[in-house]
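Here is how the chains run, residue by residue.
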Amino acid sequence: MLVSALERLCSGCRRGVDGTAGGGGHVAVLVKAGLAVLAIDRDEEAVAATRSRFAGDDVTVLHGRFADAAVRRDIVRFRPDFAVLDLGVSSLQLDADRRGFSLRRGIALDMRMDPRQPDTAADFLAEISENELTRVFREFGDERRAAALAREVIRRRADRPLATSDDLVNAIRAVLGPRSGTPDFARLFQAVRIAVNEELSELQVGLPAIRDALAPGGTLVVLTYHSGEDRIVKHAFRDWARSCVCPPSQPVCACRGEPLGRVMTKKPTRPTVEEIAENPRARSAKLRAFRMT
Ligand SMILES: C[S@@+](CC[C@H](N)C(=O)[O-])C[C@H]1O[C@@H](n2cnc3c(N)ncnc32)[C@H](O)[C@@H]1O
């Protein structure tokens, strides 16, 4: 259904941007729908795979972050009438132990989507302050015991740096107790990953930039996997669809604003049971779409 939603929303379009190309699944949908594609990924392995998979097609592949200024200029020049962001990590990244995203045992904590970035997850855990780590576990990991967990990490790293997946799992288990399990570890590893890759600030900058690059009538589709990401997208789309952007304290509208467009998904589109069976990682996906006037 996510793919069919994508097909439905890009029908009639001619130039599509995929800001998170990953394994190229969505690029393939856009190519099949007849669009010229600008594909972007911050991971050079994804870029190389996409370049070779679509070598004979009208697909240009850029290595970079979709919110990066140089990439944004290229998106503006491309003037898309369709854009998609499929946030988070790809299966290519999660499945490769050397990339250090996994909960599997004995994996070096890396989690950088772009390995040119200087700080790995291990560096992040070695350097971050207790307050900031508490915020990461609370806001990105929805963790009730965030402060205790941050304290535990700081206490452990004074003896020995947290270098592997086991080190982080053991710290989590020490605070959440022996009944904690894979869903807890996955949620808290995800929180660290979001912080290491600055994923939410990337989204906050990238969303309006991509919107402004769209041709009139163009559509932006975003797939999220985390409540923090989804909140940013939901609020951005709602704000863009408002006709008045005056502060709530102002009794009478003075901006005479026009909506920038309309939200195409009142409720987010969710994957079907079949899609989840085929790809269990899609289970938390939410798709939202916005169409410019
Ligand atoms: C969920 S995967 C995309 C999967 C893809 N839609 C497919 O069909 O195979 C997310 C991809 O987005 C990339 N990514 C995440 N944040 C990014 C950003 N800010 N700029 C560029 N690429 C990003 C990741 O490196 C990863 O390859």
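Only a predicted model underlies this, so the values are computations on that prediction, with no experimental measurement involved.

Novice: Report on the overall build of the chain, specifying residues and quantitative values.
Specialist: Counting secondary structure elements, the chain contains 13 helices and 7 strands. Compactness check: the chain gives a C-alpha radius of gyration of 20 Å against a globular reference of 19 Å for 293 residues, within 12% of the reference. If one aligns the C-alpha atoms of the chain with their principal axes, the spans along those axes are about 60 × 60 × 40 Å. Considering only contacts within the chain whose residues lie at least 6 apart along the sequence, 62% involve residues at least 24 apart.

Novice: I'd love a proper account of the packing of helix 1 (residues 2–9) against helix 2 (residues 25–32), names of residues and values included.
Specialist: The interhelical angle for the contact between helix 1 and helix 2, taken along N-to-C directions, is 40°, at an axis separation of 10 Å. Of the possible angle classes, the one that applies to helix 1 and helix 2 is oblique. Of the two possible hands of crossing, helix 1 and helix 2 adopt the one that is right-handed. Between helix 1, through Val3, Leu6 and Glu7, and helix 2, the contact on the second element is made entirely by His26, Val29 and Lys32. For the contact of helix 1 with helix 2, the residue count by class is 3 nonpolar, 1 polar and 2 charged.

Novice: Tell me about the pairing of strand 1 (residues 15–18), and please be specific about residues and values.
Specialist: Here strand 1 runs beside strand 2 (residues 36–41); their pairing, made up of 4 bridges, is parallel. From the neighbouring strand, Gly16 faces strand 2, where its bridge partner is Val37. Viewed along the sheet, the connection from strand 1 through helix 2 into strand 2 turns out right-handed.

Novice: I'd like a description of the site of the ligand, backed by residues and values.
Specialist: In the region of the ligand, 22 residues are neighbours, and Gly25, Asp41, Asp86, Gln93 and Glu202 sit closest. Gly23 has a polar backbone atom sitting 3.0 Å from an oxygen atom of the ligand. One nitrogen or oxygen atom from the main chain of Gly24 is found 3.3 Å from an oxygen atom belonging to the ligand. When the ligand sits alone it has 610 Å² of accessible area, and the protein chains cover 92% of it.

Novice: Residues and numbers for helix 3 (residues 44–53), please.
Specialist: Within the sequence span of helix 3, burial applies to Ala46, Val47 and Thr50. Along the axis of helix 3, the buried residues cluster in a sector spanning 100°; they form a single face. At its buried positions, helix 3 is contacted by helix 2, strand 2 and strand 3 (59–63).

Novice: Give me the pattern of salt bridges: which residues, what numbers.
Specialist: Pairing between side chains of opposite charge can happen when the charged atoms of each approach one another. In the structure shown here, the tally under the stated rule is 25 salt bridges. For Arg193, the salt bridge goes to Glu199, with nearest N and O atoms at 2.8 Å. Among the residues examined, Arg193 registers a relative accessible area of 8% and is labelled buried. Taking the relative accessible area as the measure of exposure, Glu199 reaches 9% and is therefore buried. Residues Asp212 and Arg211 are paired through a salt bridge, measuring 2.9 Å at the closest nitrogen-oxygen approach. The buried category is assigned to Arg211, whose relative accessible area is 13%. Salt bridges linked by common partners bring Asp43, Glu45, Arg98 and Arg99 together as one network.

Novice: Give me the lowdown on the environment of Val273, citing residues and values where you can.
Specialist: Looking at where Val273 falls in the secondary structure, it is placed in helix 13 (residues 273–278). When its relative accessible area of 66% is taken as the criterion, Val273 is described as exposed. C-alpha of Val273 to C-alpha of Val31: the two residues are 242 residues apart in sequence and 26 Å apart in space.

What counts and how
- Residues numbered from 1 in each chain as written.
- Predicted model: local features only at pLDDT ≥ 70, side-chain atom pairs only at ≥ 80, totals over all residues.
- Heavy atoms only, no water.
- Helix = DSSP H or I, 4+ residues; strand = E, 2+ residues; numbered from the N terminus.
- Rg over C-alpha atoms; globule rule 2.2 N^0.38 Å.
- Contact = heavy atoms within 4.5 Å.
- Axes fitted to C-alpha atoms, helices over the stretch in contact; angles between N-to-C directions.
- Parallel < 35°, antiparallel > 145°, perpendicular 65-115°, else oblique.
- Left-handed = near helix turned anticlockwise from the far one by under 90°.
- Nonpolar A, V, L, I, M, F, W, Y, C, P; charged D, E, K, R; others polar.
- Pairing = 2+ DSSP bridges.
- Right-handed = clockwise from strand over helix to strand, strands pointing away.
- Near = heavy atom within 4 Å.
- Polar contact = N/O pair within 3.5 Å; in protein donor to acceptor, adjacent residues only side chain to side chain.
- Areas by Shrake-Rupley, 256 points an atom, 1.4 Å probe, with all protein chains shown as cover.
- Buried < 20%, exposed > 50% of the residue type's maximum accessible area, 1.4 Å probe, protein only.
- Arc of directions from axis to C-beta.
- Salt bridge = Lys/Arg side-chain N within 4 Å of Asp/Glu carboxyl O.

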